[in-house]
Amino acid sequence: MNAQPSLVMFAVFVGITLVVTYWASGKSHTSLGFYAAHRRIGGLQNGWAIAGDYVSAASFLGITGLIAFYGFDGFMYSVGWLVAYLAVLLLVAEPLRNTGKFTVADLMSFRLRGRGVRAIAALSTLAITLFYLIAQMVGVSAIVNLLLPRFGDIVAIALVGVLMLVYVLFGGMLATTWVQIIKAGLLLVTAIALSLLAIGHFQFSLGHFFNAAAAVATGGRESNLLQPGLLFHGKLGAWNLISLGLALVLGTAGLPHILMRFFTVPSARAARTSVAWAMVLVGIFYLTTSFMGLGAATIVGKDHIGRRMYAGQAIGYISHHPQQQQVLDTQLKRDGYIVPTPDSNLAAPLLAQQLGGSLLAAFVAAVAFATILAVVAGLTITASSAFAHDIWFSLVRNGYGDETEHLFVARATAVVVGALAIALSIALRGFNVAFLVGLAFAVAASANVPVILLALSWRRFSRTGAIAGMLAGLVSSLALIAISPVLMGDRAIFPLENPGIISIPIGLAGAILGTLFARDRESEAMFDQLQVRATTGIGAEV
Amino acid sequence: MKPHVGQARWEALAAEPEFRALLRARRRFVIPATLFFIAYYLALPVSVGFWPNVMSRPVLGPVTAAYCFGLSQFAMAWILLGLYLRRARRFDVAAAQMRRRETHELLDEQR
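Residues numbered from 1 in each chain as written. Chains lettered and ligands numbered in written order. Predicted model: local features only at pLDDT ≥ 70, side-chain atom pairs only at ≥ 80, totals over all residues.

(A) Region of interest: unusual backbone geometry. Residues and elements named next belong to chain A. One non-glycine residue, Gln203, lies in the positive phi region at around 55 degrees. Tracing the backbone shows Gln203 in the loop between helix 8 (153-201) and helix 9 (206-213). Of the residues examined, Gln203 has 9 C-beta atoms within 10 Å and is grouped as exposed. Its identity is not glycine, yet Phe204 carries a phi of approximately 55 degrees, on the positive side. You can see Phe204 is positioned in the loop between helix 8 and helix 9. You can call Phe204 exposed: it has 10 C-beta atoms within 10 Å. (Helix = DSSP H or I, 4+ residues; strand = E, 2+ residues; numbered from the N terminus. Buried ≥ 20, exposed ≤ 12 C-beta atoms within 10 Å, placed from the backbone.)

As structure tokens, this is what we get:
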């Protein structure tokens, strides 16, 4: 594939976003401006920004790939990630806007005063954000193969890292928001166009489209992608599916970078409007994943999705088995390329290549790049606020220190987080990105969600409960991932791939038991105030 | 967090019948809605996981029961969103009333 057009398109996107960043840089001189864009983002804009922040490489590349490879089982991610917004809408968005300032820890420490709660809330934010960041950057390495074949993974990952830092450091939340809005628009248009092209390939007949999806040839055999069980099967298939489903549907309400977006709007009502817009946009996008994924499987062919080698590149390949060499030679002669390693993350760009030629593929690759860039910027600003606002400013400096120092620490943290993410993602390539993000959701659902919900609704809830709940959720989800088949393969001690079904109840149990263990009169006394503020918006930050 | 009214004032506000009514009205919608959407959603992985044969049956042309159920979740989410947005307008009115009154009383105190 020719890299020239995609480079040009990507450069245009970068150029526009840099202009936005320059414009925003004049408005980010205070911490309120840097973290929350002065709370002047409108509901509609914030809805687009949430969609841009949420629909990550995991959704665009990852889910499309999972649907292309496993059909319905991949579509489970799409369903879970949309339905999850109901939890945000009904339970979290408005109270959070009414009681918080910049971070999730603000909400918790509203009634749970003290250093412990804030420190652990910040820690869990950092853990979730880093997990998520790694998944995004792994996506970079998957598409760089298409976008910048001559540069190589490491240069591309570093490029994304540096650009993202420019947005965050100079433009703060305002620039990040606009980068996300632009990207959400681009991505939605691309996804709809690809879906229409895919259906158009079947003369715009949904019947033909789904008939083809029900009979996809894989390795010489037919498989029905509309049937469940291609990814989650066997004795524990059902439990894997339920565990993943729980993590997806509850996790969103605990994702720090999504929750942080509600501090950028002027009121609880605007927070609700933004979730509503986000649900419409995100829903449309997730519907298109079916068409893109099934389209890739039927039009490109499941066996052709992977890192391709073209004749020019393939000269050096050596196979130890002459027979296999022969197979590769035949494939090269027939298709003009070979697929040495299947990589589901490439389904969407390859579909574009097939349907619209290299120009459309270039556009899709550039959009995927932009997607990753916008999400990574949002994650970095979240991590930086957790460290600068919660750990440095509130804990180390005890609330002292001026704006200059606050902003300096926030920006320095962004640089460190960016560097860390670049290093880790270079080490962890080749995992499906939707799958990696699924794990981040499990951590969010276990460590954050029980504590946020109990803090908002249970009078008796205490500091001990919050600390016990967050620690139990964080440690159990991370430990279960560490001993799961994801990291240990066949020797896994814990049989499920997603820890949600065990670690979410553990997080909840930790929070309840911790609360019953010791009474917290101060927290109980603050409950009335919290409830009035959360419900009416009296005294909310403006 | 601006401590613009004291602890006693918050407790008084929390005890007001108007506030209790708002809280109850919110809960009457939010709690059943939450239980419903979680149950409806979890029914998908449970049915697909435990009765794969039933869910693999094509019901709409080649489209299986599982896929139809999955697509119906989108409709469910959007309908519930619409219902909540409609209901929330009422909550907004009550909340705005309380906010307005509180600002007036605060100004009176300062005078």
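And the narrative resumes.
(B) Local environment of the domain arrangement of chain A. Domain annotation of chain A identifies domain 1 (4-100 + 127-304 + 343-428) and domain 2 (306-341). Between domain 1 of chain A and domain 2 of chain A, the C-alpha centre-to-centre distance is 33 Å. (Domains from an automatic or database assignment.)

(C) A look at the nonpolar core. Tyr85, Met108, Val282 and Leu351 of chain A are the most contacted members of the largest nonpolar core, which totals 219 residues. The leading source of residues in this core is helix 15 (residues 347-396) of chain A, at 32 residues. Discounting chain neighbours no more than four positions away, the residues touching Val282 of chain A are Ala51, Tyr54, Val55, Leu82 and Tyr85 of chain A. Counting nine residues, the second-largest nonpolar core is a separate cluster that includes Val532 of chain A together with Phe19, Leu22 and Phe91 of chain B. (Core = buried A, V, L, I, M, F, W, Y, C linked by C-beta atoms within 7 Å. Contact = placed C-beta atoms within 7 Å.)

(D) Fine view of the interface of chain B and chain A. Taken together, the 49 residues of chain B in the interface contact 42 residues of chain A. Put simply, the parts of the chain that give the side of chain B that touches chain A at least two residues each are helix 1 (7-15), helix 2 (17-50), helix 3 (52-55), strand 2 (63-64) and helix 4 (65-110) of chain B. Here the side of chain B that touches chain A is composed, by residue class, of 34 nonpolar, nine polar and six charged. (Nonpolar A, V, L, I, M, F, W, Y, C, P; charged D, E, K, R; others polar.)

(E) Representation of the environment of Ile422 of chain A within the structure. Residue and element names in this part refer to chain A. With respect to the helices and strands, Ile422 occurs in helix 16 (residues 403-427). For Ile422, a count of 22 C-beta atoms within 10 Å corresponds to the buried category. In contact with Ile422, other than residues within four places in its own chain, are Met137, Ile157, Ala158 and Gly161.

(F) Spotlight on the environment of Trp23 of chain A. Residue and element names in this part refer to chain A. Tracing the backbone through its elements, the reader meets Trp23 in helix 1 (residues 4-25). A tally of 13 C-beta atoms within 10 Å means that Trp23 is categorised as partly exposed. As a C-alpha pair, Trp23 and Ser59 span 36 residues in sequence and 30 Å in three-dimensional space.

(G) Representation of the environment of Arg118 of chain A. All names here are of chain A. Within the secondary structure, Arg118 sits in helix 7 (residues 115-147). Along the backbone, Arg118 and Ser394 are 276 residues apart, and their C-alpha atoms lie at a distance of 8.3 Å. With sequence-adjacent residues up to four places away left out, Arg118 is seen in contact with Ala105, Ser109, Asp390, Ser394 and Leu395.

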